[in-house]
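Per-entry structural report
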Amino acid sequence: MALDGQTTALLLVLCRASLTEEEAQRARALAGQVIDWPSLAQMAILHEVSTLVWRNLAQLQAGREAPPAARQSLEAAARQTKLDGALRLAQSARIVRHLQEAGLAPIVLKGFAVGQLLYQDPVLRPTSDLDLLLPQADLTRACVALQGLGVPQPSSDAMAFHLAHGYHLPVEGPVLGQPLVIELHWDLAARQVFRLNLASLAERADLFALDAVSARRLSIEDTLVHLVLHIRKHR
């Protein structure tokens, strides 16, 4: 889907986590021009920035010229994303607390760990799963602990395969009554490609509030390194 220049410019401003006064004035000016609102709404939903776009439009009291159908689709997507995010946040906090109570010290990767750094409200960022970093030696203990919440343990074949060929193990099960995929990482990238000092990562980890749970996340510098490695994986 190709957008015209004005619609693209408006979308790029509206998907920011926060707006300066200059950016707010620019957004209002652009919104008053001829905008392809249906396409803007579709692109915002496609790229999962509907929460940001809708919030900024509401705060700026802009976009009243948009057709009702475009506004309704954008608002519905934003509300659903926030609802899903609230559930994922509660699920993530439950998992992290449970692992901590089992004597483990997981580090939350991406998701809400990054969301709280960049957004005023962490559920503005869509999150579909929970990524945790643990020492490889704690992997079995973590799986046993998660089983106590109803998350099935992986088969021995699956465990052996991921240990031999990967750096994280996906498990899935119901948490707070809804399915959740949990990826248990023991590294941030393939060891044959990048060798990271995981003990140093853990020492530099910061504390943050994951809902009502005090959790750990990578330092800002290490988070940047991890995001670059993650983009490389999915390029």
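Owing to the predicted nature of the structure, the values given are computational and were not obtained by experimental measurement.

Moving on, we get to the sheet that holds strand β4 (residues 178-185). If you trace the six strands from one edge of the open sheet to the other, you get β3-β4-β2-β1-β6-β5, paired in mixed fashion. A single partner strand is all that each edge strand has here, and the edge strands are β3 (168-175) and β5 (206-210). Pairwise comparison of adjacent strand axes, ignoring direction, gives a mean angle of 40 degrees for this sheet. Along the sheet, helix α5 (residues 68-101) makes contact with β1 (107-109), β2 (129-133), β3, β4, β5 and β6 (213-217), crossing β4 at roughly 50 degrees.

Pairing of β5 with β6, which is carried by five bridges, proceeds in the antiparallel orientation. In the strand pairing of β6, alanine 209 is matched with serine 214. Counting the residues in the hairpin turn of β5 and β6 gives two residues, including aspartate 211, whose phi is positive at 60 degrees.

Let us now look at the nonpolar core. Of all hydrophobic cores here, the largest spans 32 residues; its most connected members are Ile95, Val108, Leu132, Ile182, Leu184 and Leu210. Put simply, the parts of the chain that give this core at least two residues each are α5, α6 (111-118), β2, α7 (139-147), β3, β4, β5 and β6. Ignoring any residue separated from it by four or fewer positions in sequence, one finds leucine 132 in contact with Ile95, Val96, Leu99, Pro106, Ile107, Val108, Leu109, Ile182, Glu183, Leu184 and His185. Membership of the second largest hydrophobic core comes to 25 residues, among which are Leu11, Leu40, Leu57 and Ala70.

A separate point is the packing of helix α3 (residues 37-46) against α5. Put simply, α3 and α5 touch, their axes get as near as 9 Å, and they point 15 degrees apart. Of the possible angle classes, the one that applies to α3 and α5 is roughly parallel. Handedness of the crossing formed by α3 with α5: left-handed. Between α3 and α5, the residues in contact are Trp37, Pro38, Ala41, Ala44 and Ile45 and Ala70, Ser73, Leu74 and Ala77, respectively.

Attention now moves to the pattern of salt bridges. Within this structure, the stated rule accounts for six salt bridges. Put simply, arginine 79 and glutamate 75 hold a salt bridge, and the shortest N to O gap is 2.9 Å. With a gap of four residues between them, arginine 79 and glutamate 75 both fall in helix α5, about one helical turn apart. Among the salt bridges present, the one from arginine 204 reaches aspartate 222, with a minimum N-O distance of 2.9 Å. With arginine 204 in helix α9 (residues 198-204) and aspartate 222 in helix α10 (residues 220-233), this residue pair connects regions lying 18 residues apart in the sequence. Using a relative accessible area of 41% as the deciding quantity, one classes arginine 204 as partly exposed.

To continue, consider α7. Those residues of α7 not exposed but buried are Leu139, Ala142, Cys143, Ala145 and Leu146. Relative to the axis of α7, the buried residues are bounded by an arc of 160 degrees and lie together on one face. Residues of α7 that are buried in the fold lie against α5, α8 (156-165), β3 and β4.

Moving on, we come to the packing of helix α1 (residues 5-14) against α3. Packed helices, taken two at a time, are described by the angle their axes make and the gap between the axes. Relative orientation of the contacting elements α1 and α3 amounts to 40 degrees, with a least axis distance of 10 Å. Considering the angle they form, α1 stands oblique to α3. Between α1 and α3 lies a crossing whose hand is right-handed. Counting all contacts with α1, which are made through Thr7, Leu10 and Leu11, the residues of α3 involved are Trp37, Leu40, Met43 and Ala44. Its residues assigned to classes, the contact of α1 with α3 shows six nonpolar, one polar and no charged.

What counts, and where the lines are drawn
- Residues numbered from 1 in each chain as written.
- Predicted model: local features only at pLDDT ≥ 70, side-chain atom pairs only at ≥ 80, totals over all residues.
- Heavy atoms only, no water.
- Pairing = 2+ DSSP bridges.
- Helix = DSSP H or I, 4+ residues; strand = E, 2+ residues; numbered from the N terminus.
- Axes fitted to C-alpha atoms, helices over the stretch in contact; angles between N-to-C directions.
- Contact = heavy atoms within 4.5 Å.
- Core = buried A, V, L, I, M, F, W, Y, C linked by side-chain atoms within 4.5 Å.
- Buried < 20%, exposed > 50% of the residue type's maximum accessible area, 1.4 Å probe, protein only.
- Parallel < 35°, antiparallel > 145°, perpendicular 65-115°, else oblique.
- Left-handed = near helix turned anticlockwise from the far one by under 90°.
- Salt bridge = Lys/Arg side-chain N within 4 Å of Asp/Glu carboxyl O.
- Arc of directions from axis to C-beta.
- Nonpolar A, V, L, I, M, F, W, Y, C, P; charged D, E, K, R; others polar.

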